[in-house]
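Structure at a glance
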Amino acid sequence: MTESYPYGLNPEYLPGFMNDPRDDDGRQVVKLGPDENRELAAATVDRFPAASGDVLDFAAASFDRLWWDDEEQWVTMAAELLAAYVQREERVAVMWGNLLMPTVTMPASVAVRHALDILDAGPHFWIHPLGGSILIECLMDGQVTVATIPSE
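A short tour of the structure in this document, coming up.

The rules behind the values
- Residues numbered from 1 in each chain as written.
- Predicted model: local features only at pLDDT ≥ 70, side-chain atom pairs only at ≥ 80, totals over all residues.
- Heavy atoms only, no water.
- Helix = DSSP H or I, 4+ residues; strand = E, 2+ residues; numbered from the N terminus.
- Expected span 1.5 Å × (residues − 1).
- Bend = angle between axes of the 7 residues up to and from the residue.
- Polar contact = N/O pair within 3.5 Å; in protein donor to acceptor, adjacent residues only side chain to side chain.
- Pairing = 2+ DSSP bridges.
- Phe/Tyr/Trp six-rings, centres within 6.5 Å; stacked < 30°, edge-to-face > 60°.
- Buried < 20%, exposed > 50% of the residue type's maximum accessible area, 1.4 Å probe, protein only.
- Arc of directions from axis to C-beta.
- Contact = heavy atoms within 4.5 Å.
- Core = buried A, V, L, I, M, F, W, Y, C linked by side-chain atoms within 4.5 Å.

1. Structural notes on helix H2 (residues 71–87)
For H2, with 17 residues, the first-to-last C-alpha span of 23 Å sits near the 24 Å given by 1.5 Å per residue. Where H2 bends most, at Leu-81, the angle is about 45°. One side-chain oxygen at the N-terminal end of H2 lies 3.3 Å from the backbone nitrogen of Glu-72; it belongs to Asp-70. Directly beyond the C-terminal end of H2, a positive phi value near 55° is found at Glu-89.

2. Some remarks on the sheet that holds strand S5 (residues 91–96)
Overall, antiparallel pairing links the seven strands, which are arranged S1-S6-S5-S7-S8-S9-S4 in an open sheet. Looking at strand neighbours, the two that pair on one side only are strand S1 (30–31) and strand S4 (63–67), the edges of this open sheet. The pairing of S5 with strand S6 (residues 104–107) spans four bridges and is classified as antiparallel. Considered in S6, the bridge of Val-94 is made with Val-104.

3. Some thoughts on the packing of aromatic side chains
A complete count under the given rule lists four aromatic pairs for this structure. Ring plane angle 65° and centroid distance 4.9 Å describe the contact between Phe-48 and Phe-58, whose orientation is recorded as edge-to-face. Taken together, the residues span a long stretch of sequence, with Phe-48 in the loop between helix H1 (34–43) and strand S2 (50–52) and Phe-58 in the loop between strand S3 (55–56) and S4 at a distance of ten residues. For Phe-58, a relative accessible area of 2% corresponds to the buried category. Plain terms: the ring middles of Phe-58 and Phe-63 are 6.2 Å apart, the flat faces sit at 40° to each other, and that makes the pair tilted. Residue classification places Phe-63 among the partly exposed residues on the basis of a relative accessible area of 33%.

4. Structural notes on H1
Regarding H1, the residues found buried are Asn-37, Leu-40 and Ala-41. Buried positions in H1, seen along its axis, are confined to an arc of 100° and lie on one side of it. For H1, exposure combined with an orientation more than 90 degrees from the buried face picks out Asp-35 and Glu-39. Buried residues in H1 make contact with S5 and strand S7 (125–129).

5. Here we look at the side chain of Thr-105
Position of Thr-105 among the secondary structure elements: in strand S6. Non-local contacts of Thr-105, meaning those with residues more than four positions away in its chain, are made with Gln-28, Val-29, Val-30, Leu-32, Arg-91, Val-92, Ala-93 and Leu-130.

6. A short note on the nonpolar core
Residues Met-18, Trp-74, Met-106 and Phe-125 are the most contacted members of the largest nonpolar core, which totals 30 residues. Other than its neighbours up to four places away in sequence, Trp-74 contacts Trp-68, Ala-115, Leu-116, Leu-119, Phe-125, Ile-127, Cys-138 and Val-144. With 16 residues, the next largest nonpolar core counts Leu-32, Leu-40, Trp-126 and Ile-149 among its residues.

7. Description of the environment of Asp-69
Structurally, Asp-69 can be placed in the loop between S4 and H2. When its relative accessible area of 70% is taken as the criterion, Asp-69 is described as exposed. C-alpha separation for the pair Asp-69 and Asp-141, spaced 72 residues apart in sequence, amounts to 8.6 Å.

8. Considerations on the pairing of strand S8 (residues 134–138)
Within S8, five of the five residues are buried, leaving the element largely enclosed by the surrounding structure. The alternating pattern of S8 places Ile-134, Ile-136 and Cys-138 on one face and Leu-135 and Glu-137 on the opposite face, and all of these are buried. Examined bridge by bridge, S7 and S8 share three bridges and lie antiparallel to one another. Of the residues in S8, the one forming a bridge with Trp-126 is Glu-137. Between S7 and S8, which pair antiparallel and follow one another directly, the connecting turn spans four residues, one of which, Gly-131, has a positive phi of 80°.

What follows is the structure, given as structure tokens:
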């Protein structure tokens, strides 16, 4: 997925807080370079075959499918899905369905606080708790898939 398009050419498309050095949460966001992005993709999204376009096929993995109907429900769902990572003060990566925006990492608590901003910036994205074995895919139609990443 990472080789088809130039990577990260438009960081200005990221949610505003991610580019604001005066924002307390924004200062905790790290934008990954192309090599770091390729390494993360190889350990996460690239382990799943493509279903169509940049949507992943989870058939070979253990997964749960959830749905949100409105933005408020997405915010609640994001908080629930990331609660354990917030409690352990872990970081998560957010990878976008288009490669124009760079992949970013941040504390899970920041991702929860800005779940709506993340959704608004790219309604197709993946969240991966760093060091964990799950991948959360969010599609613009309200479908959320929580999958166990297959081992190599």
